[in-house]
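Results of the structural survey
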Amino acid sequence: MPKQILILNGPNLNLLGTRQPEVYGSDTLADVERDCAALAAELGAEVALKQSNHEGALVEMIQEARNTADGIIINPAAYSHTSVAILDALNMFEGPVLEVHISNIHQRESFRHHSFVSARAEGVIAGFGVEGYQLALRRMVNLLG
Ligand code: DQA
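About the thresholds
- Along every chain, residues carry numbers that run from 1 in the direction the sequence is written.
- Predicted model: local features are reported for residues with pLDDT of at least 70 only, side-chain atom pairs are reported and counted for 80 or more only, and whole-chain, interface and lining totals are derived from all residues.
- Processing note: side-chain calculations cover all non-hydrogen atoms of the structure and skip hydrogens and water entirely.
- Numbering goes from the N terminus for both helices and strands, where a helix is a DSSP run of H or I of at least four residues and a strand is a run of E of at least two.
- Our radius of gyration looks at C-alpha atoms and nothing else; its globule reference is 2.2 Å times the residue count to the power 0.38.
- For this analysis, residues touch if any pair of their heavy atoms sits within 4.5 Å.
- For accessible areas, the Shrake-Rupley method is used with a probe of radius 1.4 Å. Any residue's cover is judged against the shown protein chains and nothing else.
- Asp and Glu count as negative and Lys and Arg as positive, but His and the ends of the chain are not part of the count.
- Think of each charge as sitting on NZ of Lys, CZ of Arg, CG of Asp or CD of Glu.
- Interaxial angle, 0 to 180 degrees, is taken between N-to-C directions of lines fitted to C-alpha atoms, where a helix line uses only the stretch in contact.
- Angles below 35 degrees are treated as roughly parallel, those above 145 as roughly antiparallel, those between 65 and 115 as roughly perpendicular, and all remaining angles as oblique.
- Put simply, Ala, Val, Leu, Ile, Met, Phe, Trp, Tyr, Cys and Pro go in the nonpolar bin, Asp, Glu, Lys and Arg in the charged bin, and everything else, Gly too, in the polar bin.
- Here a residue is near a molecule or strand as soon as one of its heavy atoms is found within 4 Å of it.
- Pairing of N or O atoms within 3.5 Å defines a polar contact, subject to two protein rules: one partner must be a possible hydrogen donor and the other a possible acceptor, and residues neighboring in sequence count only if both atoms are side-chain atoms.
- The term salt bridge refers to a side-chain nitrogen of Lys or Arg lying within 4 Å of a carboxyl oxygen of Asp or Glu.
- In this scheme, a residue with accessible area under 20% of its type's maximum is buried, one over 50% is exposed, and one in between is partly exposed, where area comes from a 1.4 Å probe on protein chains only.

Moving on, we get to the overall build of the chain. Broken down by element type, the chain carries five helices and five strands. Its helices and strands in sequence order give the chain the pattern β-α-α-β-α-β-α-β-β-α, from N to C terminus. Since a compact globule built from 145 residues should have a radius of gyration of about 15 Å, the 14 Å found for the chain is in line with a globular shape. C-alpha extents for the chain along the principal axes are approximately 40 × 30 × 25 Å. Partitioning the contacts of the chain with sequence separation of at least 6, the portion at a separation of at least 24 is 76%. Total accessible area computed for the chain in this model is approximately 7200 Å², and 49% of it derives from carbon and sulfur atoms. Across the chain, the 10 positively charged side chains and the 17 negatively charged ones have centroids separated by 3 Å.

Okay, structure coming up:
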């Protein structure tokens with residue numbers, strides 16, 4: 001049975017491609033989904049990509065992942081910097097968690113330098129553009145053995 005990997009995206013990432021392309025690039029979330037699905041197939045895994053603009057919806061998706069996913073790759077977007085609820089939900093998930101940021105959050109405003117999710121994540125990728133999702137996916141497949 002192929003490993004199931006949830007790629008979860010927080011607020012405003014639905015507008016990837018048109019949202020501040022000078023910061024986030026011109027690829028859309030559908031492009032990310034397509035490229036990750038292709039890479040997952042090569043690596044013998046399966047991905048499901050989800051996105052929500054709502055904190056509670058993200059919490060519920062993480063809770064549901066306890067029964068449906070072996071690992072979670074998450075870009076919590078702005079909730080990285082504010083959400084104890086998302087951290088708490090991830091703390092109930094038993095598999096590995098990897099955190100992705102498209103931009104280099106450490107090069108940006110100081111309020112972006114801290115992420116609550118990083119306390120739970122096995123690894124963090126920031127500033128590699130949307131390629132970060134693919135790097136995280138390779139790492140996740142290795143972690144899941
Ligand atoms: C982001 C960085 C966050 O600070 C920001 O709020 C986002 C996207 C990134 O992918 O670089 O929405 O997580």
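There is more to say, and it comes next.
Okay, the packing of helix α3 (residues 55-68) against helix α4 (residues 84-91) next. Where α3 meets α4, the axes come as close as 9 Å, and the angle between the chain directions of the two elements is 5°. By the angle class used here, α3 and α4 are roughly parallel. Residues E55, L58, V59 and I62 of α3 touch α4, and the partners they reach there are A85, I86, A89 and L90. Partitioned by chemical class, the residues of the contact of α3 with α4 number seven nonpolar, no polar and one charged.

On to the site of the ligand, then. The local shell around the ligand consists of R19, Y24, N75, A77, A78, H81, H101, I102, S103, I105 and R112. Here an oxygen atom of the ligand sits 2.7 Å away from a polar atom, N or O, in the main chain of I102. With respect to the ligand, the side chain of S103 contributes an N or O atom lying 2.6 Å from an oxygen atom. For the shell around the ligand, a count of residues per class yields five nonpolar, four polar and two charged.

The next subject is the pattern of salt bridges. Under the criterion given, the structure shown has six salt bridges. R34 is the partner of D31 in a salt bridge, and the nearest nitrogen-oxygen pair spans 3.4 Å. With D31 and R34 both in helix α2 (residues 29-43) and three residues apart, this pair spans about one turn of that helix. Put simply, E122 and R120 hold a salt bridge, and the shortest N to O gap is 3.3 Å. The class for E122 is partly exposed, based on a relative accessible area of 49%. Here the salt bridges do not stand alone but share partners, grouping D31, R34 and D35 into one network.

Before going further, it helps to spend a moment on the side chain of N75. When you line up the elements, N75 lands in strand β3 (residues 71-75). Looking at N75, the relative accessible area reads 3%, which means it is buried. Apart from residues no more than four positions distant in its own chain, N75 is found in contact with L8, N9, G10, L13, V100, H101, I102 and Y133.

Structurally, the position occupied by A38 is in helix α2. A residue is classified by how much of its surface remains accessible, and A38, at 46% relative accessible area, is partly exposed. A38 sits 25 residues away from L13 along the chain, and the two C-alpha atoms are 20 Å apart.

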